[in-house]
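Structural description and commentary
Okay, here's what each chain looks like letter by letter:
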Amino acid sequence: MAWRCSGSTNQELIENMWRHKLISDPRVKEAFLKVDRRHYTPSRPYEDSPQYIGYQATISAPHMHASALEHLISFMMPSDASPAPRALDIGSGSGYLTHVMAQLVGPRGLVVGVEHINALRDKGEANMRKSTEGKQLLSSGKVKFVAADGRKGLEEPARKGEEALGTQWDAIHVGASASKVHDELIDQLKSPGCMFIPVEDEDDPDSQYVWRIEKNKDGKISRKRLFGVRYVPLTDAPKEEIF
């Protein structure tokens, strides 16, 4: 059904996904409507398909980004227990989903995009600067991009005045297929917290499945396999290329 959801404008793309129930949460829909995908793709921005963005990386199809947020949203919205949600976007690539996530975490929230080579980190930030709102998110410190090994997560210090809220992540999105669920990612997940991560099948390395990994308020971990996918691998950074 996803192929039917392409549109000629950003609004048409999102409305088509909503009509076909690829987006079911109105908060997710509203967040996507606020971020124009044309700032993040090399061509055909409103086509519901993945696109190559250089450096052996892709921007996922919009319906895959929507699926990720539908699973993570209850952990990303501000609440009494978590007034300043922290979300980590590993394999942030174009920066598109990082920007959409920033629409959900509220005025005190933090979203950090992680890429393993500087050129992709720079690409995500440059794309976000194409819009006035994106520039404001970056200048306010609500969104930032860093170059790091996403397999190790990210140790991001608490902002001034928020030390009591801790440094773990309420939500972690991984946009590349991991060979396994790395312990660092589990350790950095808050209680409660949730991670959306594609993982290679241990019995068939050519197969990948998305897992929803949740940590409850007592620190107990639950894992649910959702569906098969085809993502680029979460590996060592490739050599720099001109793109």
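Taking an unreviewed UniProt entry as the reference, the protein is identified by name as protein-L-isoaspartate(D-aspartate) O-methyltransferase belonging to Cordyceps fumosorosea. Annotation of the protein in UniProt includes, under Subcellular location (unreviewed entry), the sentence "Cytoplasm". Its UniProt record, at the heading Sequence similarities (unreviewed entry), says of the protein: "Belongs to the methyltransferase superfamily. L-isoaspartyl/D-aspartyl protein methyltransferase family."

1. Focus on unusual backbone geometry
Of note, the bond from Ser191 into Pro192 is cis; its omega dihedral lies within 30 degrees of zero at 5 degrees. Turning to its location among the elements, Pro192 is positioned in strand 7 (residues 189-201). The backbone phi angle of Lys21 is positive, close to 65 degrees, even though this residue is not glycine. Accessibility expressed as a relative area gives 70% for Lys21, which makes it exposed. The backbone of Arg44 sits at a positive phi, close to 45 degrees, despite the residue not being glycine. The class for Arg44 is partly exposed, based on a relative accessible area of 46%.

2. Brief notes about a negative patch on the surface
A contiguous patch of negative charge, built from Glu155, Asp183, Glu184 and Asp187, is present on the exposed surface. Tracing the chain through its elements places Glu155 in the loop between strand 5 (143-147) and strand 6 (169-174). Relative accessible area serves as the criterion here: at 62%, Glu155 is assigned to the exposed category.

3. Quick word on the nonpolar core
Counting 46 residues, the largest nonpolar core has Phe32, Leu69, Met76, Val100 and Val143 as the members making the most contacts within it. Excluding residues that lie within four positions of it along the chain, Val100 makes contacts with Ala31, Phe32, Val35 and Leu69. Ranked by size, the runner-up nonpolar core spans 21 residues in total, among them Trp169, Val174, Val199 and Leu234.

4. Let's talk about the packing of aromatic side chains
For the coordinates displayed, the defined rule picks out two aromatic pairs. Between Phe32 and Tyr96, the ring centres sit 6.1 Å apart and the planes meet at 40 degrees, which makes this aromatic pair tilted. Of this pair, Phe32 sits in helix 2 (residues 26-33) while Tyr96 sits in helix 4 (residues 96-102); the two residues are 64 residues apart in sequence, bridging distant segments of the chain. When the ring of Tyr40 is compared with that of Tyr96, the centres are 5.7 Å apart and the planes differ by 55 degrees; the resulting orientation is tilted. Within this pair, whereas Tyr40 is found in the loop between helix 2 and strand 1 (51-54), its partner Tyr96 is found in helix 4, the two being separated by 56 residues in sequence.

Analysis parameters
All chains use their own residue numbering, which begins from 1 and follows the written sequence. Under the rules for a predicted model, residues below a pLDDT of 70 receive no local features and side-chain atom pairs below 80 are neither given nor counted, while totals for whole chains, interfaces and linings still include all residues. The basis for every side-chain value is the complete set of non-hydrogen atoms in the structure, without hydrogens or water. UniProt positions are given in the numbering used here, feature names are shortened, and annotations may be inferred rather than shown by experiment. Secondary structure elements are taken from DSSP: a helix is a run of H or I of four residues or more, a strand is a run of E of two residues or more, and numbering for both begins at the N terminus. Residue burial is assigned from relative accessible area. The probe radius is 1.4 Å, only protein chains are included, and a residue is buried under 20% of its type maximum, exposed over 50%, and partly exposed in between. Within this analysis, patches are made of residues with over 30% relative accessible area and no salt bridge. Like charges are joined at 9 Å or less; nonpolar side chains (Val, Leu, Ile, Met, Phe, Trp, Tyr) at 5 Å or less. Shrake-Rupley sampling with a 1.4 Å probe provides the accessible areas, and residues are treated as covered by the protein chains on show and by no other component. A pairing counts as a salt bridge when a side-chain nitrogen of Lys or Arg comes within 4 Å of a carboxyl oxygen of Asp or Glu. Note that His is not counted, nor are the chain ends; the positive residues are Lys and Arg, and the negative ones are Asp and Glu. Where a charge sits is defined by one atom per residue type, namely NZ (Lys), CZ (Arg), CG (Asp) or CD (Glu). The term nonpolar core refers to a set of buried residues drawn from Ala, Val, Leu, Ile, Met, Phe, Trp, Tyr and Cys, joined through side-chain atoms within 4.5 Å. Any two residues having at least one pair of non-hydrogen atoms within 4.5 Å are treated as being in contact. Paired rings are identified among Phe, Tyr and Trp, the last through its six-membered ring, by centres lying within 6.5 Å, and are further divided according to the angle between planes into stacked (under 30 degrees), edge-to-face (over 60) and tilted (the rest).

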